[in-house]
Structures are given as C-alpha cells and as structure tokens.
Amino acid sequence: MAGGKRILVTGGAGFLGSFLCEALLERGHDVLCLDNYSTGSPGNIEHLRDNLRFGVLRHDVTTPMHHEVDEIFNLACPASPVHYQADPIQTLRTNVEGAMNVLRLARRVRAKVFQASTSEVYGDPLVHPQPEGYWGHVNPIGPRSCYDEGKRCAETLFFDFHRQHGVNIRVVRIFNTYGPRMHPNDGRVVSNLIVQALRGEPLTLYGDGSQTRSFCYVDDLIDGFLRMMAGPDSLPGPVNLGNPGEFTVRELAEIILDLTGSRSALEHRPLPADDPRQRKPDIAQARAQLGWEPKVSLRHGLERTIAHFERRLAAERRSAPA
Ligand code: NAD
Ligand code: UDP
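Cut-offs and rules
Residues numbered from 1 in each chain as written. Chains lettered and ligands numbered in written order. Predicted model: local features only at pLDDT ≥ 70, side-chain atom pairs only at ≥ 80, totals over all residues. Helix = DSSP H or I, 4+ residues; strand = E, 2+ residues; numbered from the N terminus. Rg over C-alpha atoms; globule rule 2.2 N^0.38 Å. Buried ≥ 20, exposed ≤ 12 C-beta atoms within 10 Å, placed from the backbone. Pairing = 2+ DSSP bridges. Axes fitted to C-alpha atoms, helices over the stretch in contact; angles between N-to-C directions. Near = placed C-beta within 6 Å. pLDDT = per-residue confidence, 0-100. Core = buried A, V, L, I, M, F, W, Y, C linked by C-beta atoms within 7 Å. Contact = placed C-beta atoms within 7 Å. Expected span 1.5 Å × (residues − 1). Arc of directions from axis to C-beta. UniProt positions renumbered as here; feature names shortened; annotations may be inferred.

Draft legend 1. Molecular detail of the overall build of the protein chain. If you tally the helices and strands in the protein chain, you get nine helices and 13 strands. Taking 20 Å as the expected radius of gyration for a compact globule of 322 residues, we find that the protein chain reaches 19 Å, a close match to that expectation. With respect to the principal axes defined by its C-alpha atoms, the protein chain has extents near 55 × 45 × 40 Å. When the 322 residues of the protein chain are sorted by exposure, 45% land in the buried category.

Below is the structure:
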C-alpha cells in the first residue's frame, strides 16, 4: 500500500498536531501521537481513536523516548503566549530538552525528523517581510524569551545534529496559524476575538491594535508540512510557512465582527512586553522549492473557524448546569 511509514507526532493532541495526525492517517501511515496534555486534549484526537493505525501515548518530551519509527514530527510545545509564559522554565525545557530527545531518537533509529519552529525566531523584526536569511531581533531575557530563545536553540540543535551526525532534518518556521480545534481559552488573538464576538463580550485589542500579523489557515499549513517532509534531503530548511496577507489586529477584529454579525465593542488593553510590531512571511523559498502557497483567504478561513466555535459554544451551553 502507498504510505505505510511509522510516524511519531509529538504534541499530536494539540491544535496543529491533531490535524497533522489526521492527514498522516488519511495517507495510510501508522501514527503514534505523543503528548503530555498540557495545552492539548484527548478530545482533539477522539475521532481518530477507532483507527487501528493510530496509537496514543501520554509522555513528556523532556524525558527520553524509545520508539522504532521512520519519521518524527516534533510539535510539542505550548504556542500561545499566555500558556508558554505560565511556566517559562518548562517551556524552555520542552523546547531544548525535547529537541535533544527527539534528535537522539532520530539518530538512533535513523528517522527523518521535522521541527515546528516559529516566526518568533525573528523576534520584533527590523526587516519586513521576514526572509529565512534574517537572523532576527530577539530579547534574550524578556517574558517571551523562553519560547523565542528556546525555539532558536532547538533550531541550532537540529542543524548541529545534521552537520555532526548526519541526521536527516526538516525545519519550518510557522507564522500565526488558526482554525477549528483551537481551545476557546487558548489566549491567541483569533480564538479570543471569535469567542468574545460570539458571546457578545468586548473584543480585547492589546495596545492600539495597529500591530500586524499574517494569519494562515490550518489546512494550508498542514499541506506545507507534508510537502516539506517529502521534499528533497538537500532542503533541510529553515523554510517559512505562513500566509503573506498582512492585517492589523484591529482589521482582524473588524472582519470578525462583520462575519459574526456581533455588536460587541472594541476594548483596549495594555500591549504585552516585547509584542512584535509587525510580522509577514517572505515565502519565496516555499513557493520555489515546495510549490507551496496558501489557498484559503482570511475571510474564508475565519468563516470555517467561526462555524466551529459556534457549534462548540452551543454544545457547552447545552451541557452547562441550568
Ligand atoms: P498547542 O498548544 O495546541 O499544541 C501543543 C501540544 O504540545 C499540546 O498538545 C501540548 O499538550 C503538547 N505539549 C506541550 N509541552 C509538551 C511536553 N513537554 N511534552 C509533550 N507534549 C507537550 O499549539 P499548536 O498551535 O498546535 O502548536 C504546535 C507547534 O507548532 C508548537 O511547537 C508551536 O510552537 C508551533 N507553532 C505554532 C504556531 C501557530 O500559530 N499555531 C506558530 C508557530 C509555531
Ligand atoms: N492580541 C490582542 N488581543 C487578544 C490577544 C492577542 O490584541 O485578545 C494581540 C497580541 O498582542 C499580538 C497579536 O494579537 O499583537 C497576536 O497575538 P497572539 O497571541 O495570537 O500571537 P503572537 O503574539 O504570538 O503572534
């Protein structure tokens, strides 16, 4: 049969991980989902449990792993600033010790290994849009550093294992991605604003809302993951994956108000420390080398995400005690 690889997905019960497990199973692979459920949940992978090719393991990547696999996708790490700053030392350990553990495993079993890195390696960028050759502008001692520097150190480990031990690596830098299955209390801007709009609560804009982000729909991103993993060994990365459409947070809020028909007000809150002013990927490399570019527009992706949250909030209301 086509496919048929044994694939380990760390962080597989999270937002992106659950879509990745699903896509790999659809292609006929055996998938082992490993997660400590710190920000992910068993509910995200519940619908995959009946598939005999799917296995689940509760495990923390800071502890070594021993699995005979052909490929590893390393996604384990909280991605929302609220969550990764709640226990910054654990975030740093997850990034650095987690990367070390998956790389040692990859070396031992000769597996190809993929790292979910981030646009945060560019920090508060002084170059716009950000190409992969830009080294970034990162505060090493701020509240975001556990994530930014942790991901940068993980990239270093990946490239050192590649050069020193010949490990076959793939590194992608993911820009803000959204979609169904984000947790309602995830804390990231898309889920926060949608949930607030649907509940008729004020939409929280941090700062004046003029900071920009580029929002990629989850299906497009997963397609990029698969192309990168299947791409040539001569392309270890890093490769930017994101939607180059750039929006201010205020524009995002206005689109969400329009799509939900909500009459919620906009409410300003203080801007978090070291919040990047602007962010937009240069995806020339992904276009040229992987034939990849996002297909889902922000409005279309938001419509699908809003529909998901409407169902989810309605189910929560039904199950709440009267
Ligand atoms: P998420 O928080 O939904 O998923 C992360 C998953 O990792 C969760 O299931 C969590 O329980 C698990 N996890 C965390 N620490 C762990 C540990 N020590 N051991 C085992 N499992 C652990 O976030 P997401 O949006 O799905 O992000 C997935 C990956 O993609 C992360 O590495 C994140 O840094 C990266 N990323 C995501 C985005 C985005 O916009 N979604 C952007 C850049 C990078
Ligand atoms: N943000 C906001 N309101 C919210 C949550 C976030 O205005 O309720 C802002 C946040 O300050 C940042 C942007 O939206 O400028 C994206 O935040 P998110 O946490 O989604 O991702 P990241 O900062 O990691 O890009």
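Draft legend 2. Broad picture of the sheet that holds strand S4 (residues 71-74). Strand order in the open sheet formed by seven strands is S3-S2-S1-S4-S5-S6-S11, with parallel pairing between adjacent strands. Two strands in the sheet have a free side with no partner beyond their single neighbour: strand S3 (54-58) and strand S11 (239-241). Looking at each pair of strands side by side, their axes are set apart by 20 degrees on average, direction ignored. Relative to S11, strand S6 (residues 169-174) is paired through three bridges, and the arrangement is parallel.

Draft legend 3. A look at the site of ligand 2. With respect to spatial proximity, 14 residues lie near ligand 2, and among them Arg188, Val189, Asn192, Thr204 and Tyr206 are the closest. Taken together, the elements giving at least two residues each to the shell around ligand 2 come down to helix H5 (189-199) and strand S8 (203-206). Among the elements that line the shell around ligand 2, the one with the most residues is S8, at three residues.

Draft legend 4. Geometry of the site of ligand 1. Looking at ligand 1, there are 28 residues lining it, with Gly11, Gly14, Leu16, Thr39 and Gly40 nearest. When contributions to the shell around ligand 1 are tallied by element, the ones reaching two or more residues are helix H1 (15-26), helix H3 (88-109) and strand S5 (112-118). It is H1 that contributes the most residues to the shell around ligand 1, three residues altogether.

Draft legend 5. Quick look at the confidence of the model for the protein chain. In the predicted model, the protein chain carries a mean pLDDT of 96, and the fraction of residues at 70 or more is 99%. Predicted as a complex, the structure gets a pTM of 0.97 and an ipTM equal to 0.98.

Draft legend 6. Region of the structure containing the pairing of strand S2 (residues 30-35). Among the six residues in S2, five count as buried, and that is most of the element. One ladder, built from five bridges, connects strand S1 (residues 6-10) with S2; its direction is parallel. If you follow Arg6 over to S2, its bridge partner there is Asp30. With five bridges joining them, S2 and S3 adopt parallel strand pairing. Residue pairing across strands places Cys33 opposite Val56, the latter belonging to S3.

Draft legend 7. Spotlight on the nonpolar core. Among the nonpolar cores identified, the biggest contains 80 residues, and Val9, Ile72, Leu103, Val113, Leu193 and Ile194 are the most heavily contacted of them. Each residue touching Leu193, except ones within four places of it in the same chain, is listed here: Leu203, Leu252, Ala253 and Ile256.

Draft legend 8. H5, seen in detail. Within H5, ten of the eleven residues are buried, which leaves it mostly tucked inside the rest of the structure. Taken together, the buried positions of H5 are Val189, Val190, Ser191, Asn192, Leu193, Ile194, Val195, Gln196, Ala197 and Leu198. The inward-facing, buried residues of H5 contact strand S7 (177-178), S8, helix H7 (249-260) and helix H9 (298-319). Directly beyond the C-terminal end of H5, a positive phi value near 75 degrees is found at Gly200.

Draft legend 9. Just H7, in detail. Between its terminal C-alpha atoms H7 stretches 16 Å, which fits the 16 Å expected from twelve residues at 1.5 Å a residue. For H7, the complete set of buried residues consists of Val249, Leu252, Ala253, Ile256 and Thr260. Considered in projection along H7, the buried side chains sweep an arc of 100 degrees and stay on one side of the axis. Buried positions along H7 lie against H5, S8, strand S9 (212-213), strand S12 (247-248), strand S13 (266-269) and H9.

Draft legend 10. Structural view of the UniProt feature "domain: NAD-dependent epimerase/dehydratase" (unreviewed entry) in the protein chain. In the numbering used here, UniProt assigns the "domain: NAD-dependent epimerase/dehydratase" (unreviewed entry) feature to residues 7-242. For the annotated span residues 7-242, helix accounts for 35% and strand for 19% of the residues, and the straight-line distance between the end C-alpha atoms is 24 Å.

Draft legend 11. Representation of the environment of Val109 in the model. Mapped onto the elements, Val109 comes out in helix H3. Not counting the four nearest positions on each side in its chain, Val109 is found in contact with Glu68 and Val69.

Draft legend 12. Spotlight on the pairing of S8. Burial along S8 is one-sided: Leu203 and Leu205 are buried, while Thr204 and Tyr206, pointing the other way, are not. The sheet contact formed by S8 and S13 spans four bridges and is parallel. What sits directly across from Thr204, in S13, is Glu267.

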